[in-house]
Amino acid sequence: GGGGGAMTAGTRPSRVAVIGAGAAGLCAAKHLLARGVDVTVVELGSCVGGLWVYENDNGRSPAYKSLHINSEAAVTAYEDFPFPEGTPLFPSHAEVRSYLEDYAREFGITPRIRFRTRVTAVEPLPADRWLLRLDDGSTEDVDAVVVATGHQAEPSHPPFRDDFAGTYLHVHDYRVPEPFAGKRVVVVGTGNSAMDSAADLAGVAATVAVVARSPVLIMPRMLFGVPTARVLARIERPWMPWALRRRLRVLLATIVHGRMERWGLTTPTMRTHPTGHATIMSHAAYGRVVFRPGITAVRGTEVEFADGRREEFDVMLAATGYEVDLPFLAPDVVPVVGRRVDLYKRIFPPGRPNLYFVGMFNVSGGANIRMMDTQCRLMAAVVAGEVVLPSAEAMRADVAREKRELHERYPDRPRYELELDPVDYRAEVAALEAAGTGTGSAWR
C-alpha cells in the first residue's frame, strides 16, 4: 500500500482515536469496535450527537429549533440500525439526537467517549503513528486517528458583511424567529437552511427576501403522498444520463410549483445541490417571502440587487455555507484547500498513512448519515488490513480526476467542493472492497 495503506498485517492499528462524537464519529467507532480495535472517542462537548444537538455546549452545532432532516428517516438511518417504530417521515433534531444516543449505547461506544476534551494538535510520529495533544496538557500516542469533526461549524461570510449597518448574523447562529418579529429580513442563500429559516421568519417578519445568486430548483418535499425521493427512485434509472434526470426533476417541480422563473428564480441547467422544502413556495404564493437575484451592493441598510432594485432591511441572515475548520492539523500535515481537503475516496490523505477523515462531504441526493456507513466500512477494512490502498501517487491522481469531474458537473461555487454523487461513490467503494488485498489497484 505504498505511502497510503494501513500497517502490514503484523502491526495493524490496535489503538485508534476518533475526534468527534457526532453521526460520523459514532459510526467510525462502531465499525472499528466490530473489528476488535481499541477505540477512544474525544468529544469537545458533554453529549453525543454533534450538529443534531440543539444548543450543543461544544459550540459547533448549527441546529435551529425547527430543524428536521431533509431525507426520509428510512433511508437516512445507518444500514443496520433503523429509527424506532413510529418515527415521523422527517424526524426533528431532537429525534435524531435520541437516535444517535441509542446507537452509541447499542454498540458500546458511550463508555469509550472522553467528553469535554479538546484536541489541540494531531502530530505525526515515527512508524506512521500519531500523537494527540489535548487541552488539559496530556498527550495520547495512538496507531491511527479518525477525524470526524464535521464541516458546519466555521461560518463563511459574504463579502458585503461589513457594509451592512443593520443586524447581521450567520445562519449558524440562528435559532428561533421571534426576535425578528416585525423586521425586514434579507436571507442570503438558497440552501436548505436558508429555506428553513426564511419559512420560519415568514410567519413573524414584516418582509422576507431570499437572495438567489445562482440558479436553483426548489423541489417539493412530498409528492403523491410520499417523500419526493421515493418518487424519483421509482422513475429514475441508473442508465439515465443526467440531462434526462434533470428534465424529469424540473418537470415534477414545475407540476407542483410552476416554473422557477415565475417566482423570480432561475431554473438550473447544470447539476445543483438539491433544495427541497415543504412550505417555502406556499409562503411565496401568499407574498410572505419574495425571491431576489444576487446582491451587487450594500450601503448601510440599503441592499441593491442585480436587477437594479434597491430595498431597505433591518436584518441580514447569511446562509452562505461554511469553511473547512481543522485547527488541530498543521497545514504541512494535511492542507485545507478552499473548502475541502484533498482526500482519496474522501477518507484517505495521500502520503499520511493511518490518518482518516469521515463525513467530509455533502451527498447530492440521499442521506449523509447513511453514506457515513459506506465510508466507515471501507475505512475500518483498511485499518484491519482487509483492503490495501494504492500508492500515494496513484491516490493523488485519483483525487485530481475527482476534482475535474466535480468542476464539469457542478457550478463553480465553493459549496460544491464537498459535493458527492452517492451512486458513483458507492460503486467506487465497492470496487475497492471487492479488490481487497488482491491487487490494491482498484482505483479509477
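Data block above holds the structure.
Quick caveat: nothing in here was measured; it's all calculated off a predicted structure.

1. Remarks on helix α4 (residues 192–202)
Since the α-helix packs 3.6 residues into each turn, any two residues three or four apart lie on the same face.
Step number 1: The buried fraction of α4 is high, at nine of eleven residues.
Step number 2: Within the span of α4, buried status applies to N192, A194, M195, D196, S197, A198, A199, L201 and A202.

2. Regarding the pattern of salt bridges
Step number 1: On inspection of all chains with the given rule, the structure shows 37 salt bridges.
Step number 2: Between R259 and E261 there is a salt bridge, with the nearest N and O atoms lying 3.5 Å from each other.
Step number 3: For R259, a relative accessible area of 51% corresponds to the exposed category.
Step number 4: Between R310 and E304 there is a salt bridge, with the nearest N and O atoms lying 3.2 Å from each other.
Step number 5: The buried category is assigned to E304, whose relative accessible area is 15%.

3. Topic: the sheet that holds strand β24 (residues 355–357)
Step number 1: Read across the open sheet, the five strands follow the order β3-β2-β1-β7-β24; overall the sheet is parallel. One side of each edge strand has no neighbouring strand; the edge strands of this open sheet are β3 (113–114) and β24.
Step number 2: Pairing geometry for strand β2 (residues 38–42) and β3, over two bridges, is parallel. Its bridge partner lying in β3, V42 is registered against R114.

4. Regarding the sheet that holds strand β5 (residues 129–134)
Step number 1: The strand order across the open sheet formed by three strands is β4-β5-β6, and the pairing between neighbours is antiparallel. If you trace the sheet from one side to the other, it starts and ends with β4 (119–125) and β6 (139–142), each paired once. Neighbour-to-neighbour, the strand axes of the sheet open up by a mean angle of 20°, direction not taken into account.
Step number 2: Pairing geometry for β5 and β6, over four bridges, is antiparallel. The residue of β6 that forms the bridge with L132 is E140.

5. Looking at the pairing of strand β1 (residues 15–19)
Step number 1: Across the five residues of β1, four count as buried, placing the element largely inside the fold.
Step number 2: Bridge count for β1 against β2 is five bridges, and the pairing is parallel. Opposite R15, over in β2, you have D38 as the bridge partner.
Step number 3: This β-α-β element, β1 to helix α1 (residues 23–33) to β2, shows right-handed connectivity.
Step number 4: Pairing geometry for β1 and strand β7 (residues 144–147), over four bridges, is parallel. Paired with I19 across the bridge in β7 is V147.

6. Focus: the nonpolar core
Step number 1: Counting residues in each nonpolar core, the largest one holds 98 residues, and the members touching the most others are L26, L32, Y78 and F291.
Step number 2: Counting residues per element, this core draws most heavily on helix α8 (residues 368–383), at ten residues.
Step number 3: With residues near it in sequence (within four places) discarded, Y78 still touches A23, L26, C27, Y99, L100, Y103, I369, R370 and D373.
Step number 4: Of all hydrophobic cores here, the second largest spans 23 residues; its members include L134, V333, V334 and M360.

7. Regarding the pairing of strand β20 (residues 315–318)
Put simply, side chains in a regular strand alternate between the two faces of the sheet.
Step number 1: Alternating positions in β20 separate into two faces, V315 and L317 on one and M316 and A318 on the other, with burial throughout.
Step number 2: Where strand β10 (residues 184–188) lies against β20, four bridges are found, and the strand directions are parallel. Across the sheet, residue V186 finds its bridge partner in β20, namely M316.

8. Here's the deal with helix α6 (residues 242–257)
Step number 1: Helix length check: α6 (16 residues) gives 22 Å between terminal C-alpha atoms against 22 Å at 1.5 Å per residue, within 8%.
Step number 2: Residues of α6 that are buried: R245, R249, V250, L252, A253 and H257. Buried residues of α6, viewed axially, fall in a sector of 165°; they line one side. Facing away from the buried side of α6, by more than 90 degrees, are the exposed residues R247 and I255.
Step number 3: If you follow the buried residues of α6, they end up packed against β12 (218–220), β13 (222–223), α5 (228–235) and α7 (280–285).
Step number 4: G258 sits one or two positions beyond α6 and adopts a positive phi of about 85°.

Conventions we followed
- Residues numbered from 1 in each chain as written.
- Predicted model: local features only at pLDDT ≥ 70, side-chain atom pairs only at ≥ 80, totals over all residues.
- Heavy atoms only, no water.
- Buried < 20%, exposed > 50% of the residue type's maximum accessible area, 1.4 Å probe, protein only.
- Helix = DSSP H or I, 4+ residues; strand = E, 2+ residues; numbered from the N terminus.
- Salt bridge = Lys/Arg side-chain N within 4 Å of Asp/Glu carboxyl O.
- Pairing = 2+ DSSP bridges.
- Axes fitted to C-alpha atoms, helices over the stretch in contact; angles between N-to-C directions.
- Right-handed = clockwise from strand over helix to strand, strands pointing away.
- Core = buried A, V, L, I, M, F, W, Y, C linked by side-chain atoms within 4.5 Å.
- Contact = heavy atoms within 4.5 Å.
- Expected span 1.5 Å × (residues − 1).
- Arc of directions from axis to C-beta.

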